[in-house]
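# Structural overview
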Amino acid sequence: MPCQSWGFLRWPGLDGLLRLFVVLLLWSTFSEIRHIPSSSMFPTLRVGDRIIVERASYYFVSPAIHDIVTFRDPTQHPGDEQVVFIKRIVAKAGDSVQVNHGLLYVNGIAQKEDFIAECPTYKSNLTYVPQGHVFVLGDNRNNSFDSHFWGTLPIKSILGRYVMRCYRPNR
């Protein structure tokens, strides 16, 4: 009687282990899992969500409007503990931005934003976005420390782009 082969239970061999190592190395180099600590991106992301952020695409393409990005706190001084924020890009270099009468205006045009928690209750000054910068706002506009407080964000501060939610705690 011939011996039955259980191919799926076999040890992968050196080539399989090498492939696994390369995949793990690429994964850890170009992506990371982040935890959402605040409600600034509600309703898109909730407190406690775990998300996957990829860190490679902005080496090849420029950040785009509506991308959700992670970045270093632009108000921090070098040497301080690194705080990472997550916000949505609403304007890019060359755009003018203003929040007025509960609406976001980019280049004088009111934006349709069906992803925000509620209309902003604040008013911001007209801001011009310079080269190498973007303007970011949280989806929970009235509860977000973002560009309407500290101005434009240098693109070099961006750490990665939100790809997907990988875990949402039951509540």
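All of these numbers come straight from a predicted model, not from anything done at the bench. (Residues numbered from 1 in each chain as written. Predicted model: local features only at pLDDT ≥ 70, side-chain atom pairs only at ≥ 80, totals over all residues. Heavy atoms only, no water.)

### So, the overall build of the chain
Helix and strand counts for the chain come out as 2 helices and 11 strands. Taken from the N to the C terminus, the helices and strands of the chain come in the order α-β-β-β-β-β-β-β-β-β-α-β-β. Relative to a compact globule of 171 residues, whose C-alpha radius of gyration would be 16 Å, the chain shows 21 Å and is clearly more extended. A principal-axis box enclosing the C-alpha atoms of the chain has dimensions of 80 × 35 × 35 Å. Every one of the 171 residues in the chain was classed for burial, and the buried ones make up 38%. Across the chain, contacts joining residues at least 24 apart in sequence account for 60% of those joining residues at least 6 apart. Accessible surface for the chain amounts to roughly 10,900 Å². Of this, 59% is attributable to carbon and sulfur atoms. Side-chain charges in the chain split into 18 positive and 14 negative, and the spacing between the mean points of these groups amounts to 4 Å. (Helix = DSSP H or I, 4+ residues; strand = E, 2+ residues; numbered from the N terminus. Rg over C-alpha atoms; globule rule 2.2 N^0.38 Å. Buried < 20%, exposed > 50% of the residue type's maximum accessible area, 1.4 Å probe, protein only. Contact = heavy atoms within 4.5 Å. Areas by Shrake-Rupley, 256 points an atom, 1.4 Å probe, with all protein chains shown as cover. Lys, Arg positive; Asp, Glu negative; His and termini not counted. Charge placed at Lys NZ, Arg CZ, Asp CG, Glu CD.)

### Comments concerning the sheet that holds strand β5 (residues 96-100)
Spatial ordering of the open sheet is given by β7-β6-β5-β8, a layout of 4 strands whose pairing is antiparallel. The sheet is open, and its two borders are formed by β7 (109-110) and β8 (127-128), each paired with just one other strand. Note: strand β6 (residues 103-106) against β7, 2 bridges, orientation antiparallel. Opposite Tyr105, over in β7, you have Ala110 as the bridge partner. (Pairing = 2+ DSSP bridges.)

### Here's the deal with the side chain of Lys87
Tracing the sequence through the fold places Lys87 in strand β4 (residues 84-92). Within the buried set, Lys87 has no salt-bridge partner at all; the shortest N-O distance to an opposite charge, 5.4 Å, is to Asp146. Side chain to side chain, Lys87 and Ser40 meet in a polar contact 2.9 Å long. Beyond its immediate chain neighbours, meaning those up to four positions away, Lys87 contacts Ser40, Met41, Asp67, Ile68, Val69, Phe71, Val136, Leu137, Gly138, Ser144, Phe145 and Asp146. (Salt bridge = Lys/Arg side-chain N within 4 Å of Asp/Glu carboxyl O. Polar contact = N/O pair within 3.5 Å; in protein donor to acceptor, adjacent residues only side chain to side chain.)

### Observations regarding unusual backbone geometry
At the junction of Phe42 and Pro43, the peptide bond is cis and its omega measures out at 10 degrees in the coordinates. Phi at His101 takes a positive value of approximately 55 degrees, unusual for a residue other than glycine. Relative to the helices and strands, His101 is located in the loop between β5 and β6. The phi torsion at Asn107 lies on the positive side, around 55 degrees, for a residue other than glycine.

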